[in-house]
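Residue-level listing of the chains:
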Amino acid sequence: DAAVTQKPRYLIKMKGQEAEMKCIPEKGHTAVFWYQQKQSKELKFLIYFQNQQPLDQIDMVKERFSAVCPSSSLCSLGIRTCEAEDSALYLCSSSPSGQGANSDYTFGSGTRLLVI
Amino acid sequence: LAKTTQPPSMEAYEGQEVNVSCSHTNIATSEYIYWYRQVPHQGPQFIIQGYKDYVVNEVASLFISADRKLSTLSLPWVSLRDAAVYYCIVTDIFYAQGLTFGLGTRVSVFP
């Protein structure tokens, strides 16, 4: 089992609905990353938190997503208004510090979102 | 960030050794090489990392060319469980950022 826990595993939403998925980082890890992976496509970086503060994110996240880490043991990624193109596997990853030669990025099993 | 180039797919039989190559011709001195693999419906799993020369762990070995422009992941005695997409990633060790994944190499293993 992954040391990073993601919930729920599956999420089905109608177009226009709000979606929320949660991530529990590996204990002691201070860096949290979210990625989006569409079917048979590469992982796409979305946003990076360090010590619960967002330090880097792509424009799509700023415009349509909401992401927070209210504590060191819980982060969430939300989509304000789901669109069909948001259907994907959303992966959360954590690492001890986010940088450095020994940074080990641990991934969760993901939340698979289907927007219909 | 250095781009990486990997073969799209490889095939092997159980018990064979599989060598997956990765080209990173523009790798910077501050960048390390990471290898991950991903099976369906799961997140990527760390395999090995290296900077230069040769690295080995209980799962795989990693050879990095002297100019660091090419690396080869070696999986000894593959089993059906090793069937996955293998990703070669280079990332700056001084600048915290998300990992940049390519399409990886799909390794198929046959009994």
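Just so it is clear, the model here is predicted, and its values are computed rather than measured.

Caption draft 1: The arrangement of the packing of aromatic side chains in detail. With the rule as written, the count across this model stands at 16 aromatic pairs over all chains. On the numbers, 5.8 Å between centres and 90° between planes, the contact of A:Y35 with B:F101 is edge-to-face. In this pair, A:Y35 sits in strand 4 (residues 31-37) while B:F101 sits in the loop between strand 8 (84-92) and strand 9 (105-110), so the two residues belong to two different chains. B:F101 matches A:Y35 in its accessibility class, with the two residues each being buried. We note B:R68 situated over the ring of B:Y51; from NZ or CZ to the ring centre the distance is 3.9 Å.

Caption draft 2: Here's a closer look at a nonpolar patch on the surface. Residue and element names in this part refer to chain A. Among the surface-exposed residues, I12, M14, L114 and I116 lie close enough to one another that they form a single nonpolar patch of about 390 Å² accessible area. Mapped onto the fold, I116 is located in the segment after strand 11 (111-115). The partly exposed category is assigned to I116, whose relative accessible area is 48%.

Caption draft 3: Spotlight on the sheet that holds strand 6 (residues 61-64) of chain B. Residue and element names in this part refer to chain B. The strand order across the open sheet formed by four strands is 2-7-6-5, and the pairing between neighbours is antiparallel. Lying at the two open borders of the sheet, with one neighbouring strand each, are strand 2 (18-23) and strand 5 (54-56). When the angles between neighbouring strand axes are averaged without regard to direction, this sheet yields 15°. Taken together, the three bridges between strand 5 and strand 6 define a ladder with antiparallel strand orientation.

Caption draft 4: Spatial organisation of the state of the cysteines. This structure, assessed with the given rule, holds three disulfides over all chains. The disulfide partner of A:C23 is A:C92, and the S-S distance across this bridge is 1.9 Å. What sets the handedness of the A:C23 and A:C92 disulfide is the S-S torsion sign, and at about -65° it is left-handed. With A:C23 in strand 3 (residues 19-24) and A:C92 in strand 9 (residues 88-95), the pair connects residues that are 69 residues apart, well separated along the chain. Take A:C92: its relative accessible area is 0%, and that puts it in the buried class. Between the sulfur atoms of B:C22 and its disulfide partner B:C88 the distance amounts to 2.1 Å. In this structure the cystine formed by B:C22 and B:C88 twists about its S-S bond by roughly -80°; its chirality is therefore left-handed. Placement of the pair is B:C22 in strand 2 and B:C88 in strand 8, with a sequence separation of 66 residues. Sequence-ordered numbering of the disulfide-bonded cysteines in chain A gives the connectivity 1-4, 2-3. You can see A:C82 has no disulfide; the closest cysteine sulfur is in A:C92, sitting 18 Å from it. Taking the relative accessible area as the measure of exposure, A:C82 reaches 2% and is therefore buried.

Caption draft 5: Representation of the interface of chain B and chain A in the model. Each partner contributes to the interface: chain B provides 21 residues, whereas chain A provides 24 residues. Carbon and sulfur atoms make up 50% of the area that chain B and chain A hide from each other, which totals about 1,800 Å². Linking chain B with chain A are zero salt bridges. Elements with a contribution of two residues or more to the side of chain B that touches chain A: strand 3 (31-38) and strand 4 (45-50) of chain B. Per element, the largest residue contribution to the side of chain B that touches chain A is four residues, and it comes from strand 3 of chain B. The class makeup of the residues in the side of chain B that touches chain A is 13 nonpolar, eight polar and no charged.

Caption draft 6: Fine view of the side chain of A:Q37. Relative to the elements of secondary structure, A:Q37 occurs in strand 4. A polar side-chain atom of A:Q37 sits 2.8 Å from a polar atom in the side chain of B:Q38. Those residues in contact with A:Q37, other than ones at most four positions away along the chain, are A:E42, A:L43, A:A88, A:L89, A:L91, B:Q38 and B:Y87.

Criteria and cut-off values
Residues numbered from 1 in each chain as written. Chains lettered and ligands numbered in written order. Predicted model: local features only at pLDDT ≥ 70, side-chain atom pairs only at ≥ 80, totals over all residues. Heavy atoms only, no water. Phe/Tyr/Trp six-rings, centres within 6.5 Å; stacked < 30°, edge-to-face > 60°. Helix = DSSP H or I, 4+ residues; strand = E, 2+ residues; numbered from the N terminus. Buried < 20%, exposed > 50% of the residue type's maximum accessible area, 1.4 Å probe, protein only. Lys NZ or Arg CZ within 6 Å of the ring centre and 35° of its normal. Patch = residues over 30% accessible without salt bridge, like charges linked within 9 Å, V, L, I, M, F, W, Y side chains within 5 Å. Areas by Shrake-Rupley, 256 points an atom, 1.4 Å probe, with all protein chains shown as cover. Salt bridge = Lys/Arg side-chain N within 4 Å of Asp/Glu carboxyl O. Pairing = 2+ DSSP bridges. Axes fitted to C-alpha atoms, helices over the stretch in contact; angles between N-to-C directions. Disulfide = S-S within 2.5 Å. Contact = heavy atoms within 4.5 Å. Buried area = accessible area lost by both parts, 1.4 Å probe. Nonpolar A, V, L, I, M, F, W, Y, C, P; charged D, E, K, R; others polar. Polar contact = N/O pair within 3.5 Å; in protein donor to acceptor, adjacent residues only side chain to side chain.

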